[in-house]
Amino acid sequence: MNNSMLIGSIVGAIAVTALGSVAGYSYLDKGPQYAEVVSSKAVIERFSEPVEQCKDVVVQQKKAVKDENQIAGTVIGAVVGGVLGNQIGGGSGKKVATVAAAAAGGYAGKQVQQDMQNKDVESYTQRVCKTVQKSQEKVVGYDVRYLLNGELKTVRMDQAPGEKILIQDGQVLAGVAPQTTGN
């Protein structure tokens with residue numbers, strides 16, 4: 001083999017090795033790529049769900065009446081009225097006064113008992129419940145605007161991003177990029 005061919009082969013091999021090394025080094029040296037976050041806005045979903053609300057209320061009701069016809073009040077009123085009517089007048093007028101006073105006393109006694117029965121109430125506490133719709137909100141994601149190679153892009157992420165987001169092969173990786181300090 002002649003010298004020039006040998007030297008050419010050696011120089012060619014060195015050149016190919018050098019170019020391969022530079023290309024491999026730049027490929028291996030290529031670290032993670034980050035995009036600068038321009039803005040991040042929480043995406044909120046609003047919904048309502050049924051909730052039972054209960055409270056205790058005081059209820060009043062009329063007590064059960066044992067003497068619906070107010071017989072006791074009528075009898076007591078008639079007796080008292082008759083006794084008082086018997087004290088008025090004399091002779092046959094006394095009998096008329098006794099009967100009239102007994103009738104008036106009976107009516108008055110019935111009315112007094114009826115008023116007392118109407119005012120006789122009992123109170124108790126009752127639990128009252130009703131179903132109402134309660135509005136709620138939850139964050140379902142984050143609309144993130146970021147700057148990559150001078151181009152403004154948007155992506156929806158599950159978590160709030162930091163100041164930068166990790167990009168691999170032109171795609172945003174899910175999750176939050178580590179916070180960098182000093183850059």
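Just so we're clear, the structure is a prediction, and the values are computed from it rather than from any experiment. (Residues numbered from 1 in each chain as written. Predicted model: local features only at pLDDT ≥ 70, side-chain atom pairs only at ≥ 80, totals over all residues. Heavy atoms only, no water.)

A.B. asks: I keep staring at the overall build of the chain and nothing clicks. Help me out?
C.D. replies: The secondary structure content of the chain amounts to 3 helices and 5 strands. Element order for the chain, N to C, with α for helix and β for strand: α-β-α-α-β-β-β-β. With 183 residues in all, the chain has 16% of them scored as buried. At a minimum sequence separation of 6, the contacts of the chain that also span at least 24 residues come to 72%. (Helix = DSSP H or I, 4+ residues; strand = E, 2+ residues; numbered from the N terminus. Buried < 20%, exposed > 50% of the residue type's maximum accessible area, 1.4 Å probe, protein only. Contact = heavy atoms within 4.5 Å.)

A.B. asks: What is the right way to look at helix H3 (residues 92-119) in this model?
C.D. replies: Each α-helix turn comprises 3.6 residues. Residues three or four places apart therefore point the same way. Look at H3: 41 Å from first C-alpha to last across 28 residues, which is about the 40 Å you get at 1.5 Å a residue. Buried residues along H3 sit against strand S1 (33-62) and helix H2 (71-86). (Expected span 1.5 Å × (residues − 1).)

A.B. asks: How should I be thinking about the pattern of salt bridges in this particular structure?
C.D. replies: A side chain with one charge can pair with a side chain of the opposite charge if their charged atoms come near. Counted according to the given criterion, the structure contains 3 salt bridges. In this structure, aspartate 56 engages arginine 127 in a salt bridge whose closest nitrogen and oxygen atoms are separated by 2.9 Å. Taken together, the residues aspartate 56 in strand S1 and arginine 127 in strand S2 (residues 121-148) connect sequence positions 71 residues apart. Taking relative accessible area as the criterion, aspartate 56 reaches 49% and is therefore assigned partly exposed. (Salt bridge = Lys/Arg side-chain N within 4 Å of Asp/Glu carboxyl O.)

A.B. asks: Hey, could you run me through the confidence of the model for the chain in this one?
C.D. replies: Detailed reading of the predicted coordinates is not advisable wherever pLDDT is low. For the chain, per-residue confidence averages 81 on the pLDDT scale, and residues scoring 70 or more make up 88% of the total. Low confidence marks residues 176-183, where pLDDT is under 50. Its contacts with residues over four positions away, or in another chain, come to 13 contacts. (pLDDT = per-residue confidence, 0-100.)

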